[in-house]
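Chain and residue survey
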Amino acid sequence: MSGLLAGKRLLVTGVITDASIAFNVAKVAQENGATVVLTGFGRLSLVERIAKRLPEAAPVIELDVTNQEHLAGLADKVREHVDGLDGVVHSIGFAPQSCLGGGFLDAPWEDVATALQVSTFSYKSLATAALPLMSSGGSIVGLTFDATKAWPVYDWMGVAKAGLESANRYLALHLGKHGIRSNLVSAGPLRTMAAKSIPGFEQFEDAWSERAPLGWDLTDTEPTARAICALLSDWFPATTGEMVHVDGGYHALGA
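Let me sum up the structure you'll find in this document. All figures in this text were calculated on a predicted structure; none of them were measured in a lab.

**Things to note about the pairing of strand β5 (residues 134-144)**
- Most of β5 is tucked away: eight of the 11 residues are buried.
- Strand direction decides the pairing type here: strand β4 (residues 85-90) and β5, joined by five bridges, are parallel. Looking across to β5, one finds that His-90 is bridged to Gly-142.
- In this structure, β5 lies alongside strand β6 (residues 181-187), joined through six bridges in parallel fashion. Note that in β6 the partner of Ser-139 across the bridge is Arg-181.
- For the crossover that starts at β5, traverses helix α5 (residues 155-175) and ends in the parallel β6, the hand is right-handed.

Put into structure tokens, the structure is as follows:
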């Protein structure tokens, strides 16, 4: 088998629909020679149906990243399909409605704690759960929305992403001794199910399409998927703790 990811065994989380970034990651990875295992949470039958739309149907493992039993059993579940992992994709995020849409000052701690556990702490949780399956040369890649700025309506999810970006640097520090890389891809706004759940998210859309130096297609997740697959490959052997922007260049502009 040929391709950038030939022979690689990958675990991809966060596939909800075929419009999701994670779905396109799995698709591009398979097209480049990888064997892919997916995880799902909640409506598992839906994820299983979506998995059949990939070039090659992929197995689906149930994983709730806030469930310690699921995390403890992840390695054994993965071994039912592959004998190890070369890469892991973290495409998981959630915040209760009180944490989004302009309610920053009013969101209760209980809801903020949920956002931080699912969207930030889970990156570490997933990495440590997968660690027994990985060896030197492995790669973990997560998804963020550039948290170096405060965005309208993004509120506590922005704080959670800032934590994720910091956690990425600490994972790079602590996983380096195992020869495992940890990097993030910061995508521009995309019309995924996650974006649709954020009240007022359309405020980003016109600005991005008009101002990004390379332009920006709000419905095309493939550029983001390609960047993730590149970081999963052997072509970035000395890159870790990094955040790669895939946003048409918007991040480079002044306010």
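**Focus on the sheet that holds strand β2 (residues 35-40)**
- Here seven strands make up an open sheet; going across it, the order is β3-β2-β1-β4-β5-β6-β7 and the pairing parallel. Two strands in the sheet have a free side with no partner beyond their single neighbour: β3 (60-62) and β7 (243-246). Geometrically, the sheet is characterised by an average inter-axis angle of 20° between neighbouring strands, direction not taken into account.
- Sheet strands in contact with helix α1 (residues 21-31) are β1 (9-12), β2, β4 and β5, and its direction is about 165° off that of β2.
- Contacting β1, β4, β5 and β6, helix α4 (residues 109-130) crosses the sheet at an angle of about 170° to β4.

**Focus on the packing of aromatic side chains**
- By the definition in use, this model includes seven aromatic pairs.
- Taken together, a centroid distance of 5.6 Å and an interplanar angle of 40° make the contact between Phe-145 and Trp-208 tilted. Separated by 63 residues along the polypeptide, Phe-145 in the loop between β5 and α5 and Trp-208 in helix α7 (residues 202-211) bring together distant segments of the chain.
- We classify Phe-145 as buried; its relative accessible area is 6%.
- Trp-208 sits in the buried class, given a relative accessible area of 3%.
- With 3.8 Å between their ring centres and 15° between their planes, Trp-208 and Tyr-250 make a pair best called stacked. Residue Trp-208 is located in helix α7, and its partner Tyr-250 is located in the segment after β7; the two are separated by 42 residues in the primary sequence. Note on accessibility: Trp-208 and Tyr-250 belong to one class, buried.

**Brief notes about the packing of α1 against helix α8 (residues 222-232)**
- Between α1 and α8, the least distance of the axes is 8 Å, while the angle of their chain directions is 55°. In terms of orientation, α1 lies oblique with respect to α8. By crossing handedness, the relation of α1 to α8 is classed as right-handed. For the pair α1 and α8, contact is made by Ile-21, Asn-24, Val-25, Val-28 and Ala-29 and by Glu-222, Thr-224, Ala-225, Arg-226, Ile-228 and Cys-229, respectively.
- Tallied by class, residues from the contact of α1 with α8 come to seven nonpolar, two polar and two charged.

**Notes on the side chain of Lys-161**
- Here Lys-161 lies in helix α5.
- The side chain of Lys-161 is buried and forms no salt bridge, while Glu-165, the nearest opposite charge, is found at 7.7 Å.
- Lys-161 has contacts with Leu-143, Thr-144, Phe-145, Ala-147 and Tyr-154, leaving out every residue within four places of it along the chain.

Rules of the game
Residues numbered from 1 in each chain as written. Predicted model: local features only at pLDDT ≥ 70, side-chain atom pairs only at ≥ 80, totals over all residues. Heavy atoms only, no water. Buried < 20%, exposed > 50% of the residue type's maximum accessible area, 1.4 Å probe, protein only. Helix = DSSP H or I, 4+ residues; strand = E, 2+ residues; numbered from the N terminus. Pairing = 2+ DSSP bridges. Right-handed = clockwise from strand over helix to strand, strands pointing away. Axes fitted to C-alpha atoms, helices over the stretch in contact; angles between N-to-C directions. Contact = heavy atoms within 4.5 Å. Phe/Tyr/Trp six-rings, centres within 6.5 Å; stacked < 30°, edge-to-face > 60°. Parallel < 35°, antiparallel > 145°, perpendicular 65-115°, else oblique. Left-handed = near helix turned anticlockwise from the far one by under 90°. Nonpolar A, V, L, I, M, F, W, Y, C, P; charged D, E, K, R; others polar. Lys, Arg positive; Asp, Glu negative; His and termini not counted. Salt bridge = Lys/Arg side-chain N within 4 Å of Asp/Glu carboxyl O.

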